[in-house]
Every structure is written in C-alpha cells, then in structure tokens.
Amino acid sequence: MNEKLLSNRLHMVARYLPAKAYFADIGSDHAYLPCYVCSIDPTAFAIAGEINEGPFQSAKNQVKALNLTSQIEVVKGNGLEVIGNYPVRQIVIAGMGGGLIRSILDSGKDKLSKIERIIAQPNVDAHLVREWFSTHHFQLVSEQIVKEDGHIYEILIADNGDGLIGYQDLGKELLFGPHLLREKNEAFIEKWESEKNKRLRVIEQMKQARNINFEKIASFKQEVKEIEEVIEGAGDNTCP
Ligand code: SAM
C-alpha cells in the first residue's frame, strides 16, 4: 500500500494520526486507511470496523493481501461497538454524512472516555459533527477542507477537552468551521458559493408554490446574507 493509492482526502486524515497510533477506523470499507497507516508505521495498530458484509470482506481481503494481519483487526459491527476492549486511542469516521457520524458517536458515547482524538470527515452537514463535539468534551483543534474529483470534503480533528474552546461566535463558527473561517481558502469559498446558489434556487422554487411559506423564505434569505458576508470578506483573515 503506498501513498499513491490513497485518496488525498484519506491521506489528509492520516496526517492527523500520531506515530504509534492505536486507532479504530469506523466504516472502513476496503480498509485503505488502516492499511496505509500500518504499512508506513510498523508500530501502529488499527481496528477496521464495518457493519456491512461486502465491505467487511473487502477489508479482510485487503489486510490479508498486504500481510498486515498482525497490525490490523477487521471487526464486523455497528459503529463504535467494534472497539470492544481494544485499547483504542484515536477514532476515524470518514466518508459518511454528518448526521450518521453524529449518531455513531452518540450511540457509542460509553466508548469515548479513553479516546484522545477523533478525526471525522463528513461528506455533508459538517456542522452537525461540530455541534456534537462542542457539547461532548471534544475540542476542535484543527480543520481542513480539500477538493478531490470535483467534490469538496471537510476534515475535523477534535481532541478530548473542553468542546467550547476556540469559538468566538458559536452559531456562525459551528456552521462554517472556526479554523476554516480564519483561513478561507479556495475550496472553502467554492463550497460556500455553491451552498449560496443552492439556497437561491430553493428560494426561487418556494416562490412558485401555491401557498408561499414567507417565513421559510426569509430564513433562507438570512442564510444567503450570512454566506455572502463570509465569502465577501475573503482575504480579510483578521477576524472570523
Ligand atoms: N471510510 C471509508 C472512506 O472514507 O473512504 C469508506 C467510506 S464508505 C462511503 C462508508 C462505509 O461505512 C461503508 O462501507 C458502510 O458499510 C460503512 N458504515 C455505514 N454505517 C456504519 C456503521 N454504523 N458502522 C460501521 N460501518 C458503517
């Protein structure tokens, strides 16, 4: 398993695992991430967790083919239950919607007391994961936003600690991401341009309805205004 076989997205996730990581990759599919991390770091250990039979078998085959069975345990199960009694210190949940990531974390809360770091890569609705971190003692220490194959992905890194540290304007920063908002890179601007256009299209459709919901339209317009304020201030990194 070499670096070239791993997507930029998962490569970015891997960068946030420490040396000698002992991590659980939840929803591991082909176990690409554990295989990459364990092949470049012989002191790393991973649990590749999968709920579905097909991806579970793919993960097992991949680990076996790469001779990594002494470092990677492939476990079939729902969410964090695969952690069992393994001394896992980091959790990765990547490639799912923010709502599913939040519900996996919430259902497995009892497994989190010894977890030092959670790396989440929601495909959509990242704000739901930030919200969960902020109310469950996980401090958002870093964020990345990357573009790959036409998709824009956010990666959230949270360490065990005070979930509210690092926020100055909670409502706005939960939506946009406090770190991403400070940097406002190209991918961030592109994402929020597209989110703004989605809302503008919805507003136009709502105006055509027989019973127009003026309240909902006003709320979408307010969101468009907030997005415009954020993206128009791009380049001004002094204050989020
Ligand atoms: N993590 C990989 C990545 O980022 O490329 C694979 C992402 S794939 C789109 C999502 C995987 O999560 C699927 O293989 C699915 O079977 C698995 N999955 C979904 N819900 C799960 C759950 N509650 N527990 C464990 N695995 C789950």
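Cut-off values and rules
Residues numbered from 1 in each chain as written. Predicted model: local features only at pLDDT ≥ 70, side-chain atom pairs only at ≥ 80, totals over all residues. Heavy atoms only, no water. Phe/Tyr/Trp six-rings, centres within 6.5 Å; stacked < 30°, edge-to-face > 60°. Helix = DSSP H or I, 4+ residues; strand = E, 2+ residues; numbered from the N terminus. Buried < 20%, exposed > 50% of the residue type's maximum accessible area, 1.4 Å probe, protein only. Polar contact = N/O pair within 3.5 Å; in protein donor to acceptor, adjacent residues only side chain to side chain. Domains from an automatic or database assignment. Contact = heavy atoms within 4.5 Å. Buried area = accessible area lost by both parts, 1.4 Å probe. Salt bridge = Lys/Arg side-chain N within 4 Å of Asp/Glu carboxyl O. Nonpolar A, V, L, I, M, F, W, Y, C, P; charged D, E, K, R; others polar. Near = heavy atom within 4 Å. Areas by Shrake-Rupley, 256 points an atom, 1.4 Å probe, with all protein chains shown as cover. 1 Å grid on protein atoms, 1.4 Å probe; cavity = no way out; pocket = protein on both sides within 12 Å on 5 of 7 lines; lining within 4 Å. Points joined across faces, edges and corners; volume = space filled by probe spheres on them.

S.K.: Please explain the packing of aromatic side chains as it appears in this structure.
M.R.: Geometrically, a pair of aromatic rings is defined through the distance of the ring centres and the angle of the planes. With the rule as written, the count across this model stands at five aromatic pairs. Centre to centre, the rings of Tyr22 and Phe45 are 4.8 Å apart; their planes meet at 35 degrees, and the pair counts as tilted. One end of the pair, Tyr22, is in strand β1 (residues 22-26); the other, Phe45, is in strand β2 (residues 45-50), and 23 residues separate them in sequence. Note on accessibility: Tyr22 and Phe45 belong to one class, buried. Taking the centre distance of 6.3 Å and the plane angle of 70 degrees together, the rings of Trp132 and Phe133 count as edge-to-face.

S.K.: What is the right way to read the environment of Gln90 from this model?
M.R.: Among the secondary structure elements, Gln90 is positioned in strand β4 (residues 90-96). You can call Gln90 buried: its relative accessible area is 2%. Sequence separation between Gln90 and Phe23 is 67 residues; the distance between their C-alpha atoms is 4.5 Å. Within polar-contact distance, the side chain of Gln90 engages the backbone nitrogen of Tyr22 at 2.9 Å.

S.K.: Would you take a moment to explain the domain arrangement of the chain for this structure?
M.R.: Quoted interface sizes are often the accessible area lost when the parts come together. Segmentation of the chain into domains returns domain 1 (3-180) and domain 2 (186-232). Taking only C-alpha atoms, the centre of domain 1 and the centre of domain 2 are 31 Å apart. Taken together, the contact between domain 1 and domain 2 spans eight residues of the former and eight residues of the latter. Roughly 860 Å² is buried in total at the junction of domain 1 and domain 2, and carbon and sulfur atoms are behind 73% of that figure. Inspection of the region where domain 1 meets domain 2 yields two salt bridges. With a shortest N-O distance of 2.6 Å, Glu154 and Lys191 are connected by a salt bridge. Summed over the shared surface of domain 1 and domain 2, the number is two residue pairs in polar contact (both at pLDDT 80 or more). Breaking the side of domain 1 that touches domain 2 down by element, the ones donating at least two residues are β6 (138-148), β7 (151-160) and α6 (170-176). If one sorts the elements of the side of domain 1 that touches domain 2 by residue count, α6 sits on top with three residues. Its residues placed into classes, the side of domain 1 that touches domain 2 shows five nonpolar, no polar and three charged.

S.K.: Looking at this model, I keep getting lost on the site of the ligand. Mind explaining?
M.R.: Neighbouring the ligand are 16 residues, the closest being Arg9, Gly27, Glu50, Asn78 and Gly79. At 2.8 Å, a side-chain N or O of Asn52 approaches an oxygen atom of the ligand. Bound to the protein, the ligand loses 79% of the 600 Å² it would expose on its own. For the shell around the ligand, the secondary structure elements donating two or more residues are α1 (8-15), β4 and α4 (98-107). Element by element, the count of residues in the shell around the ligand is highest for β4, at three residues. Split into classes, the residues belonging to the shell around the ligand amount to seven nonpolar, six polar and three charged.

S.K.: In this structure, what is going on with the pattern of salt bridges? I would like to understand it.
M.R.: Where charged atoms from two side chains of opposite charge come close, those side chains can pair. Within this structure, the stated rule accounts for 14 salt bridges. Linking Glu190 and Lys147 is a salt bridge whose minimum nitrogen-to-oxygen distance equals 2.8 Å. With a gap of 43 residues between them, Glu190 in helix α8 (residues 186-207) and Lys147 in strand β6 connect regions that are remote in the sequence. Relative accessible area serves as the criterion here: at 37%, Glu190 is assigned to the partly exposed category. One salt bridge connects Arg199 with Glu223, and the closest N-O pair in it is separated by 2.6 Å.

S.K.: Sorry, what's going on with the environment of Ser7 here?
M.R.: If you trace the backbone, Ser7 turns up in the segment before α1. Taking relative accessible area as the criterion, Ser7 reaches 23% and is therefore assigned partly exposed. Sequence-wise, Ser7 and Ser219 are 212 residues apart; in three dimensions their C-alpha atoms are separated by 37 Å.

S.K.: Please clarify how empty space enclosed by the protein should be interpreted in this entry.
M.R.: Here the structure, examined in full by the defined rule, presents one cavity of 30 Å³ or more. A volume near 30 Å³ is recorded for the largest cavity. Around the largest cavity sit Pro122, Asn123, Val124, Asp125, Ala126, Ile152, Glu154 and Lys191, which together line it.

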